[in-house]
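# Geometric and topological summary
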Amino acid sequence: MSQDDQLSLFGAAADLPPAYPDRAAWGTAPKLRAWQAEALQRYFETQPQDFMAVATPGAGKTTFALRVAKELFDRGTVNRITVVTPTDHLKRQWADAAARVGLAIDPNFKNADGSHGRDYLGAAVTYSQVAMKPLLHRARTEAGRTLVIMDEIHHAGDSLTWGDGLQEAFDPAARRLALTGTPFRSDTAPIPFVRYAEDGDGIRRSTSDYTYGYGDALKDHVVRPVIFLAYSGQMRWRTSAGEEMAAELGEGFTKDITAQAWRTALDPNGQWIPSVLQAADQRLTEVRRTVPDAGALVIATDHQDAKAYAAQLRRITGENPTVVLSDDKGASDRIDEFSAGESRWMVAVRMVSEGVDVPRLAVGVYATSTSTPLFFAQAVGRFVRARKRGETASVFLPSVPALMQLANEMEAERDHALDKPAVEETGPPADPMEEGWDDDLLEEANREEKASAALAQGRFEAIGSDASFHGVLFDGGAFGGGVAVGSEEEADFLGIPGLLEADQVSALLRERQSQHARRRPVPAPEQAAVPDHRRLKELRATLSKNVSAWASRTGTPHGMVHNELRRVCGGPPVAQANEAQLQARVKKLQDWFIGRK
C-alpha cells in the first residue's frame, strides 16, 4: 500500500492524536488513536481466527474493525466481508463507513437475494437475518475467504435463536472479529466465538483480546467526561386497589414503590418531565455557547411518551424536535439528518440507545424505566464521543437508586459472567416486568419496551408529580442539590461551561458546592436521641394528610407544598426528616390553614 493510500485511508480520523506513535504499525500513527493502533498491532502479531475487542462506546470500534478488514483484504487473507449488527440502521452506518475506506458493503441485502451483488465485497446483515436462515449465511461464508465482523457481540447468546444461528452460519469463517462496548448480559447464556476463563471464585468470565475501558478513554481524551444531573420530587399515584400513594422519587421503601414512583415521574401528564426537560434545555443553551452545534436526546419508554415529550419540547423551545420511532421507515434518514444538522433536540425510543453515531449529542435525558447495566452504558455512550478536547456530556436522570449506582460506576469494567445468576451481578431491575436483553426479541422490544406494558394494563394510575434538584454526580462524587427547581443553586450547576477538562469539572463542582454550603444557614445542634419509629410513621402520615388537604384547598401540587415546607422549615426530604422537623412542618401547615380562615 502506498503512503498516499495510507494517508487517505482514514482521513476522517487524521487529527486523532496517538499516545503511542512508536507502537503504531505500518505508518498508521497519523490517523489512528493510540488504542486502535495498539489493538491493530496485537491483532497482526497473533493472526488469530477469533479476536474480541472491548472498547467503551464512543472510542472508535468501527474505525479499528475497518482498518483490520482493509489490511486483511489488501493482503489477500480474505476476499469477502460480512458485517453483523443488531439493527437495520447500523447496517447502513457500517456500509457508509466502509465505503469511506474503499470497502463496498451492501446494507440492503435480503435473505431472499441469496447472494450480494457483484459490485460488493460483502453484505451487512442483522443478527435476526442470520437467525432466520443460518444455512444460507453459512453457504455465503463458505463461498469465499470470509471475514465476519460481529458488532455488539453481546446480543448473541448460545441458548437463544440469534446465538444458535450465528454459530451455525459463521463457524467456517476464515476470520471472525467480535466487537462490543458492553461485554455483559442480563442472563448467563454463553456468547458464540467468545472465550471464557474461570476466575478465582470458580466463575467463568468472558476474556477479550484487547480491552479499552471508559476510564482509559477518559484519560486519553478520547471520550467526554459525563456530568449526571439527578432530579427527585414528590410522586403520587393510585394503585389497582384504588389506594392513593405518595413518595419522594428514589426514597421508596420497597422495589414496587420505587418502580411506581419512577413510572409516575416519567408520566408526560405530570410536572416532573416538563421541569427536567426545561432544565436540560437550559443546560443545552449553556453548552451551545462554546459548542454551537451541540444537540440533545431524550430516550423515552415508548412511542406514546416520545410524542408527548416532543410536544413539551416544542412548547419549551419553539422548535420542532426530531422524533425517531422505530416502526417508521424514515427513522434512519431522520437520524442522519439530525446528525448532520444543528437543530436542538431529538426524541427516540430504544432505537438510538446503541451503536447509533450522532457525535454532536452532548445533553441527554434518561426518560425510561430500563435499568440494566448494559442498556444504561449503551444509552450514556450516545453522549460521550469526543470531537475536540474539553467537550463534556450532561445526562439528566431520575434519582432512583439503580441509576444512581450505575452513574457512580461509569468507569467500572465488567465481563460477561457464566454460572452466576444475573440478579447477583446487577441487582434487581426497577421494573419487575423488565426482561433485560433477550435478543431474539430485540426488534420487537425496539418498537416498545416491555416496561410500558404495565401502564397500559392499568396496574396503577399516575396522579401527579413535581421535580426537585437532587444534585450532581461526577467521578464518583455527589455535589449540591436538595433544592427546588428554579433555585439559584440549580442554575449554578446548569450553567457549568460546556468546554472543560475532567479535572476542571471536578474543581468547579467542588467550588460551587463550597459556595452553596456557605450560603445555607447552619442548623442549631440537636440533641441525639433514639428515634421512635412509630411516632415518625404517625407524623409522616399526619403531614401527608395535611399536605393533601392544603393542596386540595389551594390547587397547589403536592410536591410544591413539600418543597415550600422544606424551604421555610429547613431539613431533608420527608423520608429522612426527624421528629422535630416533621412536627415543625405540621405546625407550619396548621398556621397556613388558620391564616386562610
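Quick caveat, the model's predicted, so the values are computed rather than measured.

## Here's the deal with the sheet that holds strand 1 (residues 50-55)
One open sheet accounts for seven strands, arranged 3-4-2-5-6-1-9; its pairing is parallel. Unpaired on one side and paired on the other, strand 3 (105-106) and strand 9 (210-212) mark the two borders of the sheet. Pairing of strand 5 (residues 146-150) with strand 6 (residues 175-180) involves four bridges; the strand directions are parallel. The partner of L147 across the bridge, within strand 6, is R175.

## Thoughts on the confidence of the model for the protein chain
In the predicted model, the protein chain carries a mean pLDDT of 79, and the fraction of residues at 70 or more is 79%. Below pLDDT 50 for its whole length, residues 1-30 participates in 47 contacts with residues either more than four positions away or in separate chains. Per-residue pLDDT stays below 50 along residues 414-418; that stretch engages in 34 contacts with residues further than four places along the chain or on separate chains.

## Digging into the packing of aromatic side chains
A full pass over the atoms with the stated rule returns twelve aromatic pairs. Considering the side-chain rings of W35 and F64, the 5.8 Å spacing of their centres and the 45° angle between planes classify their relative orientation as tilted. Highlighted residues: W35 in helix 2 (residues 34-46) and F64 in helix 3 (residues 61-75), separated in sequence by 29 residues. Owing to a relative accessible area of 1%, F64 belongs among the buried residues under this scheme. Ring geometry for F228 against F376: centres 6.0 Å apart, planes inclined by 25°, an arrangement best described as stacked. Here F228, found in strand 10 (residues 226-232), pairs with F376, found in helix 13 (residues 373-380); they are 148 residues apart in sequence, far enough to count as distant. With respect to class, F228 is no different from F376; both count as buried. By the ring-pair criterion, three or more aromatic residues cluster together here, those being W35, Y43, F44, F51, F64, Y210 and Y212. Above the face of the F109 ring, R140 is positioned so that its terminal group lies 4.8 Å from the ring centre. Taking NZ or CZ as reference, R360 lies 4.1 Å from the ring centre of F338, over its face.

## Things to note about the side chain of T322
Considering the arrangement of structural elements, one finds T322 in strand 14 (residues 322-324). Given a relative accessible area of 15%, T322 falls into the buried group. Discounting chain neighbours no more than four positions away, the residues touching T322 are R334, F338, S343, W345, M346 and V347.

## Quick look at the sheet that holds strand 12 (residues 244-248)
Taken together, three strands build an open sheet; the order of strands is 12-11-18 and the sheet is antiparallel. Of all strands in the sheet, those with a lone pairing partner are strand 12 and strand 18 (460-465), marking the two edges. Across the sheet, the mean angle from the axis of one strand to that of its neighbour is 25°, orientation sign disregarded. In the packing of helix 9 (residues 255-266) onto the sheet, the strands contacted are strand 11 (234-239), strand 12 and strand 18, and the crossing angle to strand 11 comes to about 110°.

How each quantity is defined
- Residues numbered from 1 in each chain as written.
- Predicted model: local features only at pLDDT ≥ 70, side-chain atom pairs only at ≥ 80, totals over all residues.
- Heavy atoms only, no water.
- Pairing = 2+ DSSP bridges.
- Helix = DSSP H or I, 4+ residues; strand = E, 2+ residues; numbered from the N terminus.
- pLDDT = per-residue confidence, 0-100.
- Contact = heavy atoms within 4.5 Å.
- Phe/Tyr/Trp six-rings, centres within 6.5 Å; stacked < 30°, edge-to-face > 60°.
- Buried < 20%, exposed > 50% of the residue type's maximum accessible area, 1.4 Å probe, protein only.
- Lys NZ or Arg CZ within 6 Å of the ring centre and 35° of its normal.
- Axes fitted to C-alpha atoms, helices over the stretch in contact; angles between N-to-C directions.

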